[in-house]
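Residue-level structural notes
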Amino acid sequence: MEIISSTLLIQLLIGISISLGVVIIWGLYYPQMKLRAINTKPDKNAEFGSNEMFEQLSYFNDRGNFNEGIMFAYNLLRSNLSNMEKYPNDGSLTEYEAIKKTVSDIPELANISNLLLSAYDEYELARFRTKTDSGNLDNMNKILKNITKNNNFILQRSAQ
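Fair warning: this is a prediction, and the values are worked out from it, not measured in the lab. (Residues numbered from 1 in each chain as written. Predicted model: local features only at pLDDT ≥ 70, side-chain atom pairs only at ≥ 80, totals over all residues. Heavy atoms only, no water.)

Re the side chain of Glu 95
Note the cut-off: Counting from the N terminus, the helices are DSSP H or I runs at least four residues long and the strands are E runs at least two residues long. Within 3.5 Å is the distance limit for a polar contact, defined as a pair of N or O atoms, with the added protein rule that one can donate a hydrogen and the other accept it, and that residues adjacent in sequence qualify only through two side-chain atoms. Pairs of residues are marked as contacts when any of their non-hydrogen atoms sit within 4.5 Å.
The residue Glu 95 is located in helix H4 (residues 95-105) in this model. Here Arg 78 takes part through its side chain, which lies 2.7 Å from a polar atom of the side chain of Glu 95. Filtering out sequence-adjacent residues up to four positions away, Glu 95 remains in contact with Tyr 74, Arg 78, Tyr 87 and Tyr 120.

A short note on the pattern of salt bridges
Spelled out, the test is: Note on definitions: salt bridges are taken to be side-chain nitrogens of Lys or Arg within 4 Å of carboxyl oxygens of Asp or Glu.
Tallied over the entire structure, the rule returns three salt bridges. The residue Arg 78 makes a salt bridge to Glu 95 at a minimum N-O spacing of 2.7 Å. One end of the pair, Arg 78, is in helix H3 (residues 66-82); the other, Glu 95, is in helix H4, and 17 residues separate them in sequence. With a closest N to O distance of 2.8 Å, Glu 124 and Arg 127 form a salt bridge. With a gap of three residues between them, Glu 124 and Arg 127 both fall in helix H5 (residues 113-127), about one helical turn apart.

Comments concerning the packing of helix H2 (residues 51-63) against helix H6 (residues 134-150)
Helix packing geometry: the angle between the two helix axes and the distance between the axes. Quick note on the threshold: Only C-alpha atoms enter the line fits that serve as axes; for helices the fit covers just the stretch in contact. Angles between N-to-C directions range over 0 to 180 degrees. Note that the term roughly parallel is reserved for angles under 35 degrees, roughly antiparallel for angles over 145, roughly perpendicular for angles of 65 to 115, and oblique for everything else. Amino acid classes used here: Ala, Val, Leu, Ile, Met, Phe, Trp, Tyr, Cys and Pro are nonpolar; Asp, Glu, Lys and Arg are charged; the rest, including Gly, are polar.
Two elements in contact, H2 and H6, have axes whose closest approach is 10 Å; the angle formed by their N-to-C orientations is 175°. By the angle between their axes, H2 is roughly antiparallel relative to H6. Facing H2, whose interface residues are Met 53, Phe 54, Leu 57, Phe 60 and Asn 61, H6 presents Ser 134, Leu 137, Asp 138, Asn 141, Leu 144, Lys 145 and Thr 148. Grouping the amino acids of the contact of H2 with H6 by side-chain chemistry returns six nonpolar, four polar and two charged.

Here we look at the side chain of Thr 102
Its place among the elements puts Thr 102 in helix H4. For Thr 102, the side chain forms a polar contact with the main-chain oxygen of Ala 98, separated by 2.7 Å. Apart from the residues lying within four places of it in its own chain, the contact partners of Thr 102 are Leu 81, Tyr 87, Pro 88 and Leu 109.

See below:
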């Protein structure tokens with residue numbers, strides 16, 4: 001009888017120590033996570049292709065908020081695309097299909113179609129919270145710089 005009770009007591013002590021460890025770790029991590037979320041307020045005035053956008057991407061990279069940075073940049077890009085005259089406002093299309101249709105309907109975007117699809121791929125990784133790192137954000141940064149360098153049509157849409 002004493003063997004059973006001492007084994008039960010040891011299991012109980014192990015369970016309590018594991019639970020206490022989880023509570024302590026969560027107590028230490030949660031305030032940092034909360035503070036990190038507060039410090040990642042994007043610049044709402046940034047326009048696609050602007051210096052502010054690239055500074056904001058650098059800010060996200062410095063803070064280690066790679067997913068948020070990628071999503072921030074893609075949302076600026078998508079905002080410009082959705083302001084275009086031939087952008088499909090068809091709710092039945094997926095985001096990918098809408099981009100493909102936009103690129104095929106607007107000849108001015110033909111030279112950057114692969115870049116737009118690459119930006120979308122990076123966005124999908126970040127959107128579904130797949131583990132991203134600074135390499136992904138740097139890749140998104142390069143894609144966006146190439147888009148702004150090789151196609152003024154999108155930049156003109158942000159000015160309108």
